[in-house]
Amino acid sequence: MSSSLTREYFILSEIATNMRSGFILLNPAEQIAYFNPSAERLIGISRGKLLEQPIFDVRKQLISLAANPESAQAELDRIWLYPEQESSTDLALADAAVRWLRVQSFPVRDDLDHLLGRGVLLDDITLERSPAQTRNETLALAAHELKTPLAIIKGCATTLLGNSMRWDPATLREMLQMIDTQTDRLHDILNTLLDVWRMDAGVQNLRLSEVRISKLLELLLERWRKNAPRHQFIFSAPTEDVVVQCDALRIEQALNHLLNNAVAYSFMGGSIKIQLETNEIEVCLSISDQGIGIAPEHLDRIFDRFYRISRGEEHATGSGLGLSIVRATIEAHGGKIWADSPGIGLGTTFYCTLPFTPLAETEPLHHIPTENAVASSASGPLALPRTGLLRQSQQSKIVVVENDPRIVRYLRAHLEEQQYHVHTLSHGIQLLRQLDLEEPDLILLANRLSDISGAEVLHRLREFSAISVMILCDECDEDEHVRLLDLGADDLILKPFSIKELLARVRVLLRRSIVQSEQPAVEVIFKTGELSIDYAQHLVHVLEKPVQLSRTEYKLLCTLAQNAGRVLTHELLLERVWGAEYNREVDFIWVYISRLRRKIEVDPRHPRYIITVPDVGYKLVKL
């Protein structure tokens, strides 16, 4: 191999080692010169076998995995025929966790433009390629899961209603117990479906309260001892009360999924050990079983949505959603979850952590230690470090709005590596809808989207929110940069960008957000009579009862409240709430004022709070 070839291969291999995409480097004779760990996983063959077969045929292996080998062979022949050209194809796979694989081939050349070989990129595009298919699968699985408990409940109820006098007390109790058990199962299935919807909508709203984790686990285990009497549950916890601020319902669902997983994949009569420990800032929980275990190649992916592991010749069971929902819930609380298994047949242990305090009470940014300090402080699987860096980044939520899936994966990998909470979207309208439900700390927004432009998204966003926005710019001139900044962008960066520079700019914008949030507000809660507005929480109460308002209704009410006692004209209200282009649409005001009155007034026909000033506008009375 020439020195130029060696240098090029070395550079590419260094880049590819930590890539999530599979990467294979072929020399001019189509022999494998390099492959990364992701390629091993995606093409379903171990490093040992590849080393044993130096003339390993990548194309033949891909054809063997394809759901339609003839079609796959035609597509791959087209790619392999012209190594000097860039080309790609998407393959549907059979009997594999990855159901859609994108194969991209590109030439590798030296400085003199001589062909050195080809590179092959492999990407799992299952969720990108078939979102409708996965949603349909979820519904089909849900329908199947619902049928069994409904049939049992219906059968028991029909039997009891037929002639209850025939049955002895033991039989009656058994049937009622079956109804109770299957009702619990229905409840769990419906909660799973709701969690899937929340994940798709990008929503994980938490209702925090003080929860005694030990007591919660004891109640759950009492139920599982009843439902799985042939398993032994061993629970170990500190003697003192362990109180955590969390969403009790969400945490109960997550723990229930983990216990169900331990039971489902354990041998009959096996022991399941639950151990609860604490340190200064968090609780650490482990759930260990003596079941079938998990192979090392699956450990990193079992929390992915729809990822299911087949057991030998058996088909994979379950929907592939339970563990992904558990991870979303734990991470929404600022915790961590991971799994460990010695190997097949040797059982599995799931570990998770939960901080004692809400994420809003994390350490300020200037307490960030170095990355090495974080790594060196680990003392065991149940003693994950929780440094200022980790806690600060866990409270930072970043939304990436970009329709290029390669850039999305690249950004997500690096942002999550810094422990930020990352949510990705491909359409501007999706972003505006999500912001009705929850606001992130930072938005990375592409200026070119498939539905509306980034500039239009930014214009609409600035009508109701001051969230920090960094624009990811494709090729655009200086005038476009100026326009984006004038529209309200906090920063912009040109593609292709350096990830180090982007992460530095992200840290700058997040520091600004923290400083601004620490500034004392002029008025956090507004009150007039029995009406109150909590600006910090975006909550409205009347007679101490919550009132559900749309984003526009809330903005209209806040505009009136911020000018309580003063008359605001129709034109002024329209400009402040809807924008200058709506200053003639007086009907908007009438409709939304009517809606507001129905929600906050005891008698909307005789309003107490929002008073009409004929032919002029409205005012909110300060009582």
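Our subject in this report is the structure included herewith. Note on numbering: residues in each chain are counted from 1, in written sequence order. In keeping with the predicted nature of the model, local features appear solely for residues at pLDDT of at least 70, side-chain atom pairs appear and are counted solely at 80 or more, and the whole-chain, interface and lining totals rest on all residues. Heavy atoms from the whole structure form the basis of all side-chain values; hydrogens and water molecules are not counted.

### Considerations on the overall build of the protein
As a reminder, the rule being used: Starting at the N terminus, helices and strands are each numbered in turn, a helix being any DSSP run of H or I of at least four residues and a strand any DSSP run of E of at least two. Think of it in three bands: residues with accessible area under 20% of the maximum for their type are buried, residues over 50% are exposed, and the middle band is partly exposed, with areas taken using a 1.4 Å probe on protein chains only. Residue contacts follow a heavy-atom distance rule, with two residues in contact if any of their heavy atoms lie within 4.5 Å. For every accessible area listed, the method is Shrake-Rupley and the probe measures 1.4 Å; residues are considered covered only by the protein chains on display.
Along the protein, the regular secondary structure elements total 22 helices and 24 strands. Residue burial in the protein is summarised as follows: out of 623 residues, 45% are buried. At a minimum sequence separation of 6, the contacts of the protein that also span at least 24 residues come to 59%. Taken as a whole, the protein presents about 33,300 Å² of accessible surface, with 52% of it coming from carbon and sulfur.

### Here's the deal with the sheet that holds strand E11 (residues 336–340)
This is how the line gets drawn: The pairing criterion is simple: DSSP has to find at least two bridges between the two strands. Only the stretch in contact is used when fitting a helix axis, every axis being a line fitted to C-alpha atoms; angles between N-to-C directions are given from 0 to 180 degrees.
The 5 strands lie next to each other as E7-E9-E10-E12-E11, forming an open sheet whose pairing is mixed. In this open sheet, the two strands that pair with only one neighbour each are strand E7 (232–236) and E11. The sheet shows a mean angle of 15 degrees between the axes of neighbouring strands, direction not considered. As paired elements, E11 and strand E12 (residues 349–355) share 5 bridges and run antiparallel to each other. Bridging from a neighbouring strand, Ile 337 pairs with Cys 352 of E12. Most of the contacts of helix H10 (residues 248–264) go to strand E10 (residues 282–288), to which it runs at about 25 degrees, and overall it touches E7, strand E9 (271–278), E10, E11 and E12.

### Digging into the nonpolar core
The criterion, for reference: To qualify as a nonpolar core, a set must consist of buried Ala, Val, Leu, Ile, Met, Phe, Trp, Tyr and Cys residues joined through side-chain atoms within 4.5 Å.
With 37 residues, the main nonpolar core has Ile 213, Phe 233, Ile 251, Ile 274, Leu 285 and Ile 287 as its most contacted residues. Those elements that provide at least two residues to this core are helix H9 (213–227), strand E8 (243–246), H10, E9, E10, helix H12 (322–332), E11 and E12. Among the elements that line this core, the one with the most residues is H10, at 7 residues. Apart from the residues within four sequence positions on either side, Phe 233 is in contact with Leu 221, Trp 224, Arg 225, Ala 228, Val 263, Ile 272 and Ile 274.

### Side note on the pairing of strand E1 (residues 22–26)
Burial analysis of E1 places 5 of its 5 residues in the buried class, which makes it a mostly covered element. Of the two faces of E1, the one holding Gly 22, Ile 24 and Leu 26 and the one holding Phe 23 and Leu 25 are both buried throughout. Taken together, the 5 bridges between E1 and strand E5 (residues 115–124) define a ladder with antiparallel strand orientation. What sits directly across from Leu 26, in E5, is Arg 118. Pairing of E1 with strand E2 (residues 32–35), which is carried by 3 bridges, proceeds in the antiparallel orientation.

### Examining the packing of helix H20 (residues 551–561) against helix H22 (residues 586–600)
The line we're drawing: Each angle gets one of four labels, with under 35 degrees taken as roughly parallel, over 145 as roughly antiparallel, 65 to 115 as roughly perpendicular, and the rest as oblique. The residue classification treats Ala, Val, Leu, Ile, Met, Phe, Trp, Tyr, Cys and Pro as nonpolar and Asp, Glu, Lys and Arg as charged. All others, Gly included, are polar.
The N-to-C vectors of H20 and H22 enclose an angle of 85 degrees; their axes lie 10 Å apart at closest approach. By the angle class used here, H20 and H22 are roughly perpendicular. Each of Thr 552, Glu 553, Leu 556, Leu 557 and Leu 560 in H20 lies in contact with H22, whose residues at this interface are Tyr 592, Ile 593, Arg 595, Leu 596, Lys 599 and Ile 600. In the contact of H20 with H22, the residues fall into 7 nonpolar, 1 polar and 3 charged.

Treat this as a map of the structure, not an account of what it does.
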